[in-house]
Amino acid sequence: MPDVETTVDVAANDPIMTDAALRPAFFEWLCRLGDNALILGHRTSEWCGHGPVLEEDIALANTALDLIGHTQMWLGLAGELEGEGRDADTLAYLRDAMKFRNILLVELPKGDMAVTMMREFLFDAYHHLLLTWLSSNSSSPRVAEIAAKAVKEVSYHLDRASDIVVRLGDGTAESHRRMQDALELLWPYTGEMFKADEVDERLSDAGVAPDLAQLRGAWETKVRDILEEATLTMPDPAGYAHLGGKQGRHTEHLGFILAEMQFLQRAYPGASW
Amino acid sequence: MYAQLVKSEGLKSREEMSPQEQAFQDRVDKGEKIEPKDWMPEGYRKTLVRQIGQHAHSEIVGQLPEGNWITRAPTLERKAILLAKVQDEAGHGLYLYSAAETLGVSRDELLDKLHSGKMKYSSIFNYPTLNWADIGAVGWLVDGAAIMNQVPLQRTSYGPYSRAMIRICKEESFHQRQGYAIMMKMAQGTPDQKNMAQDALNRFWFPSLMMFGPSDKDSVHSAQSMAWKIKINTNDELRQKFVNETVPQAKYLGLTVPDEKLEWNEEKQGYDFSEPDWSEFFEVIKGNGPCNRERMDARVKAWEDGEWFRDGLNAYADKAADRRKAASVAAE
């Protein structure tokens, strides 16, 4: 829990944080950022010790570690903004699935390395655009500050994921097939990244967040370029999109992630670790 | 200590050595580092490959018992620390396989031997991590025992191994501290947490003592390795040092070391303690430990499932090289 002194300083430096009318939507939006990082970090960390080659094991653990770091920052800010004494751990470990705000894409099972790396690429391409915008344009200095830290790491994630997508797409017949299958499996979950709802609109109107529809063009260009180099076929961008994660309607997978992740906090309430 | 029962040559007396071997031994005795391109006795090379390979395997198999709790770590900070730690272990594997490569054996060859059961890894990683305090106990006891052996190995005669150990030791001491920090939280926590901490110590104490290997005071294999400075201390010396340092730490935690014979011996300025059950140790080495099967299955599965991935990257690298060649031919 933040101490009072810090909160006062924060409010002075970031008037958006004290806008009571914006607060509920702002909280929701910060949870979306934090939960995307947390759940993707969880999925990525499942590879630890099981990677296809030692260098990949290290890179995946490193990516997961970065994402957990982002989670601490975003959920920490969400708790501070809410002002009800919840910190990043409380939000991560003591909310049930319907309170999670991550997009469905990040909670899907890790699958094989094709699914894992294709998902990372599709998400990173969006994540990188979003953080870049936030770091230079957000009307909230606190948000911009976190985005500026995170974008350095995500820029590396995107480079690495793009590189692997190209290599595996244009590798053997089998690696090509697996990458194309992964792309088709994941594609219907990418639309949710750009589908703005009332929360997104309010944050965009307040200048905190970008207009998601405007990010979409740059995302499609990046994705098209890399997929082309990877000799993969891009599915129809106007195709069907699975929605609901941002509003708390998840797949069946999220409940199991939380059952595992939250086990100790739920089994031993109030203990300090 | 991640290398146990490493076979070596019998100790050669000076008279039995060729002039080349004598010159080699003189360099080792003077504390000079042996480098990859230097001449070395075949037995020295083979023993090092076994020892470094076993150590490397231990690092990567050692990811599994700790990796078992990453998705269940109780706070975001604990999760981040554990991820960083397990990632370090993989990095140690990488340094060590690279050190072994300088002796003319590839990483793939060593992995084949691990997967086919021809090479071993430390017995300790065949024990399960059953509660969160086990993650503390692994850092405190297992990394603590490893440090006992690895700190002197920074002075080992083989240059690449010595340099790998210097880097590894820096990270291991951080690992041990994080393990002890978890144990402190648990031992000072709720009654449930304290029970978990005691349970972890009960299960990990003797397996940790086994990490140093059986007594080797009369072993000719150890004598040769010590003459070559591949091994710096006897197993018993290291075990005693570990017990001496660890018992006060357990007391500070308010935990009980599960050994009724444990007693301070004023005369030797060290603790008397019970030997671990060596029959259990040999069973674990043979493959009958609680997790041998799971650990090997997990490693083999990761390797086999990853084949298409590695093949894909290799195929791309070949194509890219061909394209570069074609482009340079076209440019000429």
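It should be emphasised that the depicted structure is a prediction, and the values quoted were computed from it without experimental measurement.

Cut-offs used in this document
Residues numbered from 1 in each chain as written. Chains lettered and ligands numbered in written order. Predicted model: local features only at pLDDT ≥ 70, side-chain atom pairs only at ≥ 80, totals over all residues. Heavy atoms only, no water. Helix = DSSP H or I, 4+ residues; strand = E, 2+ residues; numbered from the N terminus. Buried < 20%, exposed > 50% of the residue type's maximum accessible area, 1.4 Å probe, protein only. Rg over C-alpha atoms; globule rule 2.2 N^0.38 Å. Contact = heavy atoms within 4.5 Å. Areas by Shrake-Rupley, 256 points an atom, 1.4 Å probe, with all protein chains shown as cover. Lys, Arg positive; Asp, Glu negative; His and termini not counted. Charge placed at Lys NZ, Arg CZ, Asp CG, Glu CD. Buried area = accessible area lost by both parts, 1.4 Å probe. Salt bridge = Lys/Arg side-chain N within 4 Å of Asp/Glu carboxyl O. Polar contact = N/O pair within 3.5 Å; in protein donor to acceptor, adjacent residues only side chain to side chain. Nonpolar A, V, L, I, M, F, W, Y, C, P; charged D, E, K, R; others polar. Phe/Tyr/Trp six-rings, centres within 6.5 Å; stacked < 30°, edge-to-face > 60°. Lys NZ or Arg CZ within 6 Å of the ring centre and 35° of its normal. Patch = residues over 30% accessible without salt bridge, like charges linked within 9 Å, V, L, I, M, F, W, Y side chains within 5 Å.

Draft legend 1. How the structure looks around the overall build of chain A. On a plain count of helices and strands, chain A comes out with eleven helices and zero strands. The secondary structure elements of chain A, listed N-terminal to C-terminal, are α-α-α-α-α-α-α-α-α-α-α. By principal-axis analysis of the C-alpha atoms, chain A measures approximately 60 × 45 × 30 Å. Every one of the 273 residues in chain A was classed for burial, and the buried ones make up 57%.

Draft legend 2. Spotlight on the overall build of chain B. Looking only at helices and strands, chain B features 13 helices and two strands. For chain B, whose C-alpha radius of gyration is 22 Å, the value lies close to the compact-globule estimate of 20 Å for 332 residues. Overall size of chain B, expressed as C-alpha extent along the three principal axes, is 75 × 60 × 35 Å. The buried share among the 332 residues of chain B stands at 56%. A separation threshold of at least 6 residues defines the contact pool for chain B, and within that pool the share at least 24 residues apart is 79%. Element-wise, carbon and sulfur atoms account for 52% of the exposed surface of chain B, whose accessible area totals about 14500 Å². In chain B, 44 positive and 49 negative side-chain charges are present, and the distance between their average locations comes to 4 Å.

Draft legend 3. Quick peek at the interface of chain B and chain A. Counting residues at the interface gives 47 residues for chain B, matched by 49 residues for chain A. With both sides pooled, the region where chain B packs onto chain A buries about 4100 Å², and carbon together with sulfur makes up 68% of that total. Our count for the chain B to chain A interface comes out at three salt bridges. Notably, a salt bridge pairs B:Arg323 with A:Asp170, separated by 3.1 Å at the nearest N-O pair. Here chain B is connected to chain A by 16 residue pairs in polar contact (both at pLDDT 80 or more). For the side of chain B that touches chain A, the elements supplying multiple residues, two or more each, are helix H3 (63-67), helix H4 (76-101), helix H7 (159-187), helix H8 (191-210), helix H12 (292-305) and helix H13 (307-331) of chain B. For the side of chain B that touches chain A, the leading source of residues is H4(B), giving 14 residues. Partitioning the side of chain B that touches chain A into residue classes produces 25 nonpolar, ten polar and twelve charged.

Draft legend 4. The pattern of salt bridges, seen in detail. All names here are of chain A. Evaluation of the coordinates by the stated rule reveals 38 salt bridges over all chains. The salt bridge partner of Arg178 is Glu174, with a shortest N-O separation of 2.9 Å. Taken together, the residues Arg178 and Glu174, both in helix H7 (residues 173-186) and four residues apart, mark about one turn of the helix. Judged by relative accessible area, Arg178 falls into the partly exposed class, the value being 23%. Where Arg216 meets Glu220, a salt bridge forms, and the shortest distance between an N and an O atom there is 3.0 Å. Here the residue Arg216 and the residue Glu220 both occupy positions in helix H9 (residues 212-229), the gap between them amounting to four residues, near one helical turn.

Draft legend 5. Representation of the packing of aromatic side chains. The tally for this structure, following the rule as stated, stands at 18 aromatic pairs over all chains. Residues B:Tyr44 and B:Tyr158 carry aromatic rings whose centres are separated by 6.5 Å and whose planes lie at 75° to one another, so their mutual orientation is edge-to-face. Of this pair, B:Tyr44 sits in helix H2 (residues 42-61) while B:Tyr158 sits in the loop between helix H6 (132-153) and H7, and the two are 114 residues apart along the sequence. Each of the two residues, B:Tyr44 as well as B:Tyr158, counts as buried. The interplanar angle of 85° and the centroid separation of 5.2 Å between the aromatic rings of B:Trp278 and B:Phe281 together place this pair among those described as edge-to-face. Here B:Trp278 pairs with B:Phe281, and both are found in helix H11 (residues 278-288), just three residues apart, close to one helical turn. In this structure, B:Trp278 and B:Phe281 share a single accessibility class: buried. Ring-pair connections join several aromatic residues into one group, and the members of that group are A:Phe123, A:Tyr126, A:Trp187, A:Phe194 and A:Trp219. Across the ring face of B:Trp69, the terminal group of B:Arg72 is positioned such that the distance to the ring centre comes to 3.7 Å. In this structure, B:Arg310 is placed above the aromatic ring of B:Trp303, and the distance from its NZ or CZ to the ring centre is 3.4 Å.

Draft legend 6. The arrangement of a positive patch on the surface in detail. A contiguous patch of positive charge on the surface is contributed by B:Lys7, B:Lys46, B:Arg50, B:Lys113 and B:Lys118. The residue B:Arg50 is located in helix H2 in this model.

Interpretation in functional terms is not warranted from these geometric data alone.
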